[in-house]
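# What the coordinates show
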Amino acid sequence: MARQKDLKLYRNIGIIAHIDAGKTTTTERILYYTGRKHQIIEVHDTKDGKASTTTDYLEQERKRGITIQSAAVSTEWNGFQINLIDTPGHVDFTIEVNRSLRVLDGAVVVFDGVAGVEPQTETNWRLANQYNVPRLCYVNKMDRMGANFAHCVKGIRERLGANALLCQVPIGSQDEFVGMVDLIAGMAYVWSSDDKDAEWESIPIDQLKGRFKFALPTDAEWIDRVAELRQESLETALALDDDAFLHFVETGEFDPKVLKECIRKGTVTFKLVPVLCGSSFKNKGVQQLLDAVVDYLPYPGENGGIGLVDVDGHSVGVQEVSDDAPLRALAFKVINDQFGSLTFIRIYSGVLKKGDSLINVTRSKKERVGRIVEVQANQTKDIDEARAGDICALVSMRETETGDSLCDPDSPVLLERMRFPDPVISVAIEPKSRADQDKLSAAIYKMVKADPSLKLNVDHETGQTVLRGMGELHLEVTIDRMRTELGVEAAMGKPKVSFREAFGRVVEHTYTHKKQTGGSGQFAEVKISFEPAETGTGVEFIDEIVGGRIPREFIPSVEHAIRTESKSGQISGYEVVDFKARLLDGKFHDVDSSALAFEIAGRACFREAHKMSKPKLLEPIMRIEVVVESTYLGDVIGDINRRRGQVTEQGTKGTSAFVQGYVPLAEMFGYISFLRSATSGRGTFTMEFDRYAEVPQGMVDSILQKDGR
Ligand SMILES: Nc1nc2c(ncn2[C@@H]2O[C@H](COP(=O)(O)OP(=O)(O)OP(=O)(O)O)[C@@H](O)[C@H]2O)c(=O)[nH]1
Ligand SMILES: [Mg+2]
């Protein structure tokens, strides 16, 4: 079967934002206006479990009114195929944004018109930068009390550092918000009601004068400045085409088609970020947003192909997005239920057919494609083939996990990997009943496999199963989903901080393992230098053995010993990170030396050296933002200081005040109760992992004790 639709008619986009900005509400509208859905469901009307928005279909999402997992939907707009992923805004589920951005070609960044740039907007913006995803900004909630377009645009420019190109400005705000002026088309669009089927009236911008009366002078100012702002936007955009720009400056004329091409070029090459506005809830601006997605965001491959890497992650080339190339796809999400698994893939090149055999290059394992499905939120439809640029899912893959590369067996290559966030909170997990006990480990294993921001450990001392995740909500939701999706009930202990340990200084240490029991003995000696290394570098093992001082075959045992032993440090059994181990010298015995003897020597050498190095305890430091009424600001700041925190910025956001700063996670448990009582329930906060930092020496014991160690 030949390609049904030209690649240029595809848009694979993500909707990303801080929590509650209106991503799911906007997605619902998109599905309605593109004819994919006949009814709009509001996010806040789904708690009773009777109805659900298309993308927030999980029980946990409906109950809480927030998105937890990214959901993919497809629709069509003016002949374009729009594949869209609605992502969660809550920081605990950031992996969902991470993996979506990794496979998408463009993104719509949604802003709450009152709050402007919020902490998760910044985080998601950075992720989009990392994954080279061109984006446009949609300032939503213009109908809300306190909505302030200027404040939002300022944040986009200053806090996100974007070259914001105003494509629209609002007509009115709050309850006077009636539409927007399209500076590119030179038209104003005005709605007469909030009804979802209300039509807009198009008014040329030279007829706007005196047409509106606004209570707020700032709203009137936008309309007064329309001509000047339009000139500015046109100049900025046309500057991407020398001829068109000169012509415009000299004559004031331009070709609207060229103008759109310029904006598209600027967006795709990260020189510009188009800014639009609207109110999804009041059904204004969504069709215009869809037009902008089609006009300005790239088709698959327009901004380059996918990076290819070797096993060490070094770049070895780029694969263009094309059907006429060997199959290359990336698995970016795995969903499990009692009946099996669904592996979401993005195809970068080639054509995938039902029944094909593939190679999972990451794991060097073969996979057979039994069924290919198109996914519409929680519905699937079988298809026979999928092509370059497509996002689809494979049923019941045996070996493939998130982040794996799937290729044509004749042309295996690794695709650039994704990065996963660090889990910083841990809880002990116990089965609720005997029946659950047998099923628990399999269930946890499935959850961990589906979510790379979860990690599973077994505590050596207590034998407890410990699950690590991004935050309390993440862990709670995981346990709850295990119940609803896999039918296994578990109880969760008190959340604890996931500390780490490090070497305090360079230690060069020699350890001799010697054992003589009856017949053959054991002998191995190693001399290793342990050196603290930069944050994030992990464990590096360097073999500096020369002249056969340790036979080659034993060296991997020393490396293995150090890597495994480093999982449990000498302060309190936390993982030891960021150090170099240089194997300098050693001794062996012809008869008594063995791989086991060298492993034992390596482990003991690590333990003693770590202890001798005055080891450091590292704790996660969280970036927090608290938004409260200004009267409470003093109390909130005082409290942050008491929690060993540091305030870095404070200011106002609409009618509220905000404080930003850094606080150790160990001091943040139960913060929400403090905030509620201190602000009569009106304060909100967000917190996100920033870095690991050393716990001051004098406080190590008290902090561990407080965390229940
Ligand atoms: N006034 C107003 N409210 C809106 C608008 N868009 C969304 N909301 C409301 O804001 C709340 C959150 O909307 P969602 O669409 O769930 O936000 P989200 O960005 O998907 O949130 P998460 O997925 O949890 O990050 C809901 O109560 C919406 O009805 C808008 O344009 N105006
Ligand atoms: Mg949502």
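Above this text is the structure in question.
Here is a short report on the structure shown in this document. (Residues numbered from 1 in each chain as written. Chains lettered and ligands numbered in written order. Predicted model: local features only at pLDDT ≥ 70, side-chain atom pairs only at ≥ 80, totals over all residues. Heavy atoms only, no water.)

## A short note on the sheet that holds strand 6 (residues 164-166)
- Judged by pairing direction, the sheet is mixed, and its 7 strands sit side by side in the order 2-3-1-4-5-11-6 without closing on themselves. A strand with exactly one partner marks an edge of an open sheet, and here the two such strands are strand 2 (71-77) and strand 6. Shown here is a sheet whose adjacent strand axes are inclined to one another by a mean of 30°, direction ignored.
- Summarising the sheet, strand 1 (residues 10-16) and strand 4 (residues 106-112) pair through 4 bridges and their orientation is parallel. When the sheet's bridge partners are listed, Ile13 is paired in strand 4 with Gly106.
- Here helix 4 (residues 119-130) sits on the sheet and contacts strand 1, strand 4, strand 5 (135-140) and strand 11 (273-277); the angle it forms with strand 5, its principal contact strand, is near 165°. (Pairing = 2+ DSSP bridges. Helix = DSSP H or I, 4+ residues; strand = E, 2+ residues; numbered from the N terminus. Axes fitted to C-alpha atoms, helices over the stretch in contact; angles between N-to-C directions. Contact = heavy atoms within 4.5 Å.)

## A short note on the site of ligand 1
- Around ligand 1 sit 20 residues in total, of which Lys23, Thr25, His44, Thr67 and Asp143 are the nearest.
- In this structure, Thr24 approaches ligand 1 through a side-chain N or O atom, which is 2.8 Å from an oxygen atom.
- With 3 residues, the single largest contributor to the shell around ligand 1 is helix 1 (residues 23-33).
- Within the shell around ligand 1, the residues separate by chemical class into 6 nonpolar, 9 polar and 5 charged. (Near = heavy atom within 4 Å. Polar contact = N/O pair within 3.5 Å; in protein donor to acceptor, adjacent residues only side chain to side chain. Nonpolar A, V, L, I, M, F, W, Y, C, P; charged D, E, K, R; others polar.)

## What about helix 15 (residues 633-642)?
- Regarding helix 15, the residues found buried are Leu633, Val636, Ile637, Asp639 and Ile640. The buried residues of helix 15 occupy one face: seen down the axis, they fall within an arc of 160°. Those residues of helix 15 that are exposed and aimed more than 90 degrees away from the buried face are Gly634 and Arg642.
- Contacts made by the buried residues of helix 15 are with strand 35 (616-628), strand 36 (646-653), strand 37 (656-664) and helix 16 (671-678). (Buried < 20%, exposed > 50% of the residue type's maximum accessible area, 1.4 Å probe, protein only. Arc of directions from axis to C-beta.)

## Things to note about the pairing of strand 33 (residues 539-543)
- With 5 bridges joining them, strand 33 and strand 34 (residues 579-587) adopt parallel strand pairing. Its bridge partner lying in strand 34, Val539 is registered against Phe579.
- On the question of chirality, the crossover connecting strand 33 to the parallel strand 34 by way of helix 13 (residues 555-565) is left-handed. (Right-handed = clockwise from strand over helix to strand, strands pointing away.)

## Regarding the nonpolar core
- Residues Phe149, Ile156 and Val181 are the most contacted members of the largest nonpolar core, which totals 75 residues.
- Those residues in contact with Val181 that lie beyond four places of it in its chain are Cys167, Gln168, Val169, Ile171, Met187, Ala188, Ile205, Leu208, Ile223 and Val226.
- By size, the runner-up hydrophobic cluster in this structure holds 47 residues, among which are Val424, Leu440, Leu454 and Val636. (Core = buried A, V, L, I, M, F, W, Y, C linked by side-chain atoms within 4.5 Å.)

## Quick notes on the coordination of the magnesium ion (ligand 2)
- Looking at the metal site, the magnesium ion (ligand 2) is ligated by Thr24 (OG1) and Thr67 (OG1), spaced 1.9 Å from it. With Thr24 in helix 1 and Thr67 in the loop between helix 2 (59-64) and strand 2, this residue pair connects regions lying 43 residues apart in the sequence.
- For Thr24, a relative accessible area of 6% puts it in the buried group.
- Accessibility expressed as a relative area gives 7% for Thr67, which makes it buried. (Donors = N, O, S within 2.8 Å, 3.2 Å for Na, K, Ca; no water.)

## Examining the pattern of salt bridges
- A full pass over the atoms with the stated rule returns 54 salt bridges.
- Residue Asp112 is joined to Lys141 by a salt bridge in which the shortest nitrogen-to-oxygen separation is 3.9 Å. Of this pair, Asp112 sits in strand 4 while Lys141 sits in the loop between strand 5 and helix 5 (149-158), and the two are 29 residues apart along the sequence. The same class applies to Asp112 and to Lys141, which are both buried.
- Among the salt bridges present, the one from Glu565 reaches Arg607, with a minimum N-O distance of 3.2 Å. On the criterion of sequence distance, the pair formed by Glu565 in helix 13 and Arg607 in helix 14 (residues 595-612) is long-range, its members being 42 residues apart.
- The exposure class assigned to Arg607 is partly exposed, which follows from its relative accessible area of 33%.
- Counted as one network, the salt bridges with shared partners bring together Arg3, Asp323, Lys353, Glu385 and Arg387. (Salt bridge = Lys/Arg side-chain N within 4 Å of Asp/Glu carboxyl O.)

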